[in-house]
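Examination of the molecular architecture
One-letter residues, chain by chain:
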Amino acid sequence: MPQEKSFDAYLDELKTHGFTVVEGVVQSEALARIRKATYAQIANLDPPPPATDDRFGVPDGIAWSEDVCRAVTHPMALALIRAYLGTEEIHFCHQPAMTVLRPAKALIGQYPESGWHSDYPYHPDVYPDDRWEDEAVYGVQFNICIDPFRRDNAGTQYVPGSHANKRFPPRALNEGGTRMGRPPHEAVQQMLAPAGAALIYDSRMWHRASPELNVSGQDRLAILNAVCPNWVRAMVDKKPGTERFLSSGMSDQLPASVCDEINRLCHTPNQAAPASAPVILEKPAGPRRIAI
Ligand SMILES: O=C(O)CCC(=O)C(=O)O
């Protein structure tokens, strides 16, 4: 059974540590359906994705899985994110992104360089500077574990409390591989959670995908969401995803509450920024891989 915690206890944890785990966001039958639907999509990917040692995205989850729609609109998780960001008016800065982290093969025993980052909009080419003085927070990452996140399947590495530094990770973190427990990575831990849980963390938190640590022999699936106040520019053009959602007919299958929330989070154009907002720069035009 998921651990019972009050809304206030989660919010308190998020405010104190910049990170909390909400268990039971997706139930086990729905997890099984999501995995099955994801593998059906993977079979159609062209070119086929790598079988080992990498992560890849499976697009358009909200167009092919009602369970994905329900997961990303989980009322308690969203209420928590709204409370932490201090606004009801939030949106996803890219369409919900199913990611598959393949098992390590060549990477086993290796320590690849780099990967340390903070999340959108706390990217150096987006925010005016790589130091962020504001008291307000403009981003929360909402990652839903379709498989458990464990030490042996690359639970996300992070530096606890690093969001409070209000700056992009220092270069030293990305020089040389990450050997947990050894400088400069002595404070690094992994985000661990059961399947169906949501990892909710302040986007300024320094973290890294660690494909070399997936020694489980199995894929690790998760749905990634970058959540911001709705005046923050999206990371990518969300319209093609919206069109595929609309043409899928998914909205006819969803309860009105889920459909309304999907519309607000995924399909509503950016709103005007308040006068007090920092400048969040326009991305250069052209296709780009989402750096998440
Ligand atoms: O897949 C992971 O473990 C890392 C995810 C990540 O880097 C992100 O959500 O920004």
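Bear in mind the structure is a predicted one, so any value in this text is a computation, not a measurement.

1. With respect to the overall build of the chain
Helix and strand content of the chain: 8 helices and 11 strands. The dimensions of the chain, computed from C-alpha atoms along their principal axes, are 50 × 45 × 45 Å. Partitioning the intrachain contacts of the chain with sequence separation of at least 6 by distance along the chain shows that 89% fall at a separation of at least 24.

2. Side note on unusual backbone geometry
With an omega of 5°, the peptide bond running from Tyr 120 to Pro 121 counts as cis. Along the polypeptide, Pro 121 turns up in the loop between strand E4 (97-101) and strand E5 (140-145). Residue Pro 183 is joined to Pro 184 through a cis peptide bond whose omega torsion reads 0°. Considering the arrangement of structural elements, one finds Pro 184 in the loop between strand E6 (157-158) and strand E7 (189-190).

3. Considering the sheet that holds E7
Backbone hydrogen bonds are what pair the strands of a sheet, in a parallel or an antiparallel way. Here 3 strands make up an open sheet; going across it, the order is E7-E6-E9 and the pairing antiparallel. The sheet is open, and its two edges are formed by E7 and strand E9 (207-208), each paired on a single side.

4. A closer look at the nonpolar core
The nonpolar side chains of a soluble globular protein tend to be buried with one another. In terms of nonpolar packing, the biggest core is built from 74 residues, with Val 22, Ala 77, Ile 81, Ile 144, Ala 198, Ile 200 and Ile 223 touching the most fellow members. With 6 residues, helix H5 (residues 75-85) is the largest single contributor of residues to this core.

5. Overview of the pairing of E4
Within E4, 5 of the 5 residues are buried, which leaves it mostly tucked inside the rest of the structure. Burial along E4 is two-sided: the residues Ala 97, Thr 99 and Leu 101 and Met 98 and Val 100 are all buried. Where strand E2 (residues 55-58) and E4 come together, 4 bridges link them in antiparallel fashion. Bridging across to E4, Phe 56 finds its partner in Val 100.

6. Quick notes on the pairing of strand E11 (residues 226-229)
Every other side chain in a regular strand lies on the same face of the sheet, so the side chains alternate between the two faces. Summarising the sheet, strand E3 (residues 90-92) and E11 pair through 3 bridges and their orientation is antiparallel. Counted as the bridge partner of Phe 92 is Val 227 from E11. Summarising the sheet, E5 and E11 pair through 2 bridges and their orientation is antiparallel. Residue pairing for E11: Gln 141 is matched across the bridge by Ala 226.

7. Some points on the packing of helix H1 (residues 7-17) against H5
The geometry of H1 relative to H5 is characterised by a closest axis approach of 10 Å and an angle of 45° between their N-to-C directions. On the basis of their axis angle, the class for H1 and H5 is oblique. The chirality of how H1 crosses H5 is right-handed. Judged by residue contacts, Phe 7, Tyr 10, Leu 11 and Leu 14 of H1 engage Met 76, Ala 79, Leu 80, Ala 83 and Tyr 84 from H5. Tallied by class, the residues present in the contact of H1 with H5 amount to 9 nonpolar, no polar and no charged.

8. Concerning the confidence of the model for the chain
Across the chain, the average pLDDT comes to 93, with 95% of residues at or above 70. Here residues 285-291 is modelled with pLDDT under 50, and outside its nearest four sequence neighbours on either side it reaches 5 contacts, counting other chains as well.

9. Observations regarding the environment of Asp 260
Along the chain, Asp 260 turns up in helix H8 (residues 256-267). Taking the number of C-beta atoms within 10 Å as the measure of exposure, Asp 260 has 13 and is therefore partly exposed. Between the C-alpha atoms of Asp 260 and Ser 247, which are 13 residues apart in sequence, the distance is 17 Å.

10. Re the environment of Leu 14
By the secondary structure assignment, Leu 14 is in helix H1. Spatially, the C-alpha atom of Leu 14 lies 11 Å from that of Leu 85, the residues being 71 residues apart in sequence. Among residues more than four places away in sequence, those in contact with Leu 14 are Phe 19, Thr 20, Leu 80, Tyr 84 and Ile 200.

What counts, and where the lines are drawn
Residues numbered from 1 in each chain as written. Predicted model: local features only at pLDDT ≥ 70, side-chain atom pairs only at ≥ 80, totals over all residues. Helix = DSSP H or I, 4+ residues; strand = E, 2+ residues; numbered from the N terminus. Contact = placed C-beta atoms within 7 Å. Pairing = 2+ DSSP bridges. Core = buried A, V, L, I, M, F, W, Y, C linked by C-beta atoms within 7 Å. Buried ≥ 20, exposed ≤ 12 C-beta atoms within 10 Å, placed from the backbone. Axes fitted to C-alpha atoms, helices over the stretch in contact; angles between N-to-C directions. Parallel < 35°, antiparallel > 145°, perpendicular 65-115°, else oblique. Left-handed = near helix turned anticlockwise from the far one by under 90°. Nonpolar A, V, L, I, M, F, W, Y, C, P; charged D, E, K, R; others polar. pLDDT = per-residue confidence, 0-100.

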